[in-house]
Amino acid sequence: MAVVTRGFPSRRRDPDERVPPGQYVTEDFPVLSAGPTPRIDTDRWSFELVSEHGERATWTWSELLALPIDKIETDIHCVTRWSKLATRWRGVSLDHLLAGVETSALYATVDCYGGYTTNLPLADLRGGKAWIAYEFNDRPLRAEHGGPARLLVPHLYFWKSAKWVRGLHLQVRDEPGFWERNGYSMYGDPWTEDRYS
Ligand SMILES: Nc1nc2c(c(=O)[nH]1)N[C@H]1C(S)=C(S)[C@@H](COP(=O)(O)O)O[C@H]1N2
Ligand SMILES: [Mo]
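Given the structure is predicted, the values throughout are model-derived calculations rather than measurements.

Attention now goes to the environment of Ala86. One can find Ala86 in strand S5 (residues 82–93). Between the C-alpha atom of Ala86 and that of Arg56, which follows or precedes it by 30 residues, the distance is 35 Å. If we skip the residues at most four places from it in the chain, Ala86 touches Arg18, Glu73, Thr74 and Asp75.

Looking now at the UniProt feature "domain: Oxidoreductase molybdopterin-binding" (unreviewed entry) in the chain. Here the UniProt feature "domain: Oxidoreductase molybdopterin-binding" (unreviewed entry) sits at residues 35–179. Within residues 35–179, the helical portion is 8% and the strand portion 41%, while the C-alpha atoms at the span's ends are 13 Å from each other.

Not every one of the 20 residues close to ligand 1 is listed here, only the nearest: Pro30, Ala34, His145, Arg150 and Lys163. One of the backbone nitrogen or oxygen atoms of Pro30 is found 2.6 Å away from an oxygen atom of ligand 1. Between an oxygen atom of ligand 1 and a main-chain N or O atom of Leu32, the distance comes to 2.9 Å. Notes on ligand 1: free accessible area 530 Å², of which the protein chains cover 97%. If you map ligand 1 onto the pockets, it falls in the largest pocket. Its residues assigned to classes, the shell around ligand 1 comprises 14 nonpolar, three polar and three charged.

The next subject is unusual backbone geometry. A cis amide bond, omega 15°, links Gly147 with the succeeding residue Pro148. For Pro148, the location among the structural elements is in the loop between strand S9 (139–140) and strand S10 (150–152). Backbone geometry at Asp138 places phi at a positive 65°, although glycine is not the residue there. Along the chain, Asp138 falls in the loop between strand S8 (131–136) and S9. Phi is positive for Trp164, which is not a glycine, with a value near 55°. With respect to the helices and strands, Trp164 occurs in the loop between S10 and strand S11 (165–171). The exposure class assigned to Trp164 is buried, which follows from its relative accessible area of 7%.

Cut-off values and rules
- For every chain, the first residue of its written sequence is number 1, and the numbers climb from 1 along that sequence.
- Throughout, the order in which chains and ligands are written sets their labels, letters from A for the former and numbers from 1 for the latter.
- This being a predicted model, a pLDDT of at least 70 is required before a residue's local features are given, and a value of 80 or more before pairs of side-chain atoms are given or counted; all residues contribute to the totals for chains, interfaces and linings.
- Note that the side-chain values use all heavy atoms of the structure and ignore hydrogens as well as water.
- Each helix is a run of DSSP H or I of at least 4 residues and each strand a run of E of at least 2, with the numbering of both proceeding from the N terminus.
- The contact criterion used is simple: two residues touch if any of their non-hydrogen atoms lie within 4.5 Å.
- UniProt positions are given in the numbering used here, feature names are shortened, and annotations may be inferred rather than shown by experiment.
- Being near a molecule or strand, for a residue, means having at least one of its heavy atoms within 4 Å of it.
- Any pair of N or O atoms that falls within 3.5 Å is considered a polar contact. Within protein, one atom must be able to donate a hydrogen and the other to accept it, and sequence-neighbouring residues count only if both atoms are side-chain atoms.
- Note on areas: Shrake-Rupley, 1.4 Å probe, and residue coverage restricted to the protein chains presented here.
- We place a 1 Å grid over just the protein atoms. Points where a 1.4 Å probe fits but has no way out form a cavity, open points with protein on both sides within 12 Å along at least 5 of 7 lines form a pocket, and any residue with an atom within 4 Å of a point lines it.
- More than half of a molecule's atoms within 2 Å of the grid points is what it takes for that molecule to sit in a cavity or pocket.
- When residues are sorted by character, Ala, Val, Leu, Ile, Met, Phe, Trp, Tyr, Cys and Pro go into the nonpolar class, Asp, Glu, Lys and Arg into the charged class, and all the rest, Gly among them, into the polar class.
- Whether a residue is buried, partly exposed or exposed follows from its accessible area with a 1.4 Å probe, protein chains only, as a fraction of its type maximum: under 20%, in between, or over 50%, in that order.

Okay, here's the thing in structure tokens:
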């Protein structure tokens, strides 16, 4: 799969239908960070996948970029009620990173430089629904938006799209991440307004 487009039928569908309940559309790109912006050089960036058995796989920046690259066009929805339509990204599908992993785990916790975490079902990271994104609007992803690379899981509220991603670990049980421990939903489906637990 070389190219993915999602959420792209903007010329055919009524824009109102693309906005989940309780959301408004913004042209801005707000920055929402729970702490200071970590600065990570791509020279020392790596992504580590840890299975529930403790098996590890690691990708350097150049190893990541050697994987098939997708172009993604998608709407994003923040739980604080802004939605941004037709955002454009480049990234590597999690399918490529998860392909070689032996697991029967059903959940994942995403780990970040700076300490942020978030949890989601492993199934939501598979099937062309989630990426390690490193470009936004044809430019390197800016640090405040998670550069050099962030998770992009646009079908869930945007707090699941962890910035400054550095890996994920697979879990047999669903463990709450940073915002999930602070009252946000374990899942976060914008279409059912699954905001808080
Ligand atoms: N590492 C990290 N990732 C994060 C956050 C954060 O504070 N730290 N905030 C989350 C929240 S609540 C949102 S809405 C989006 C915001 O992304 P943006 O700042 O690029 O708009 O990032 C998510 N990912
Ligand atoms: Mo958010």
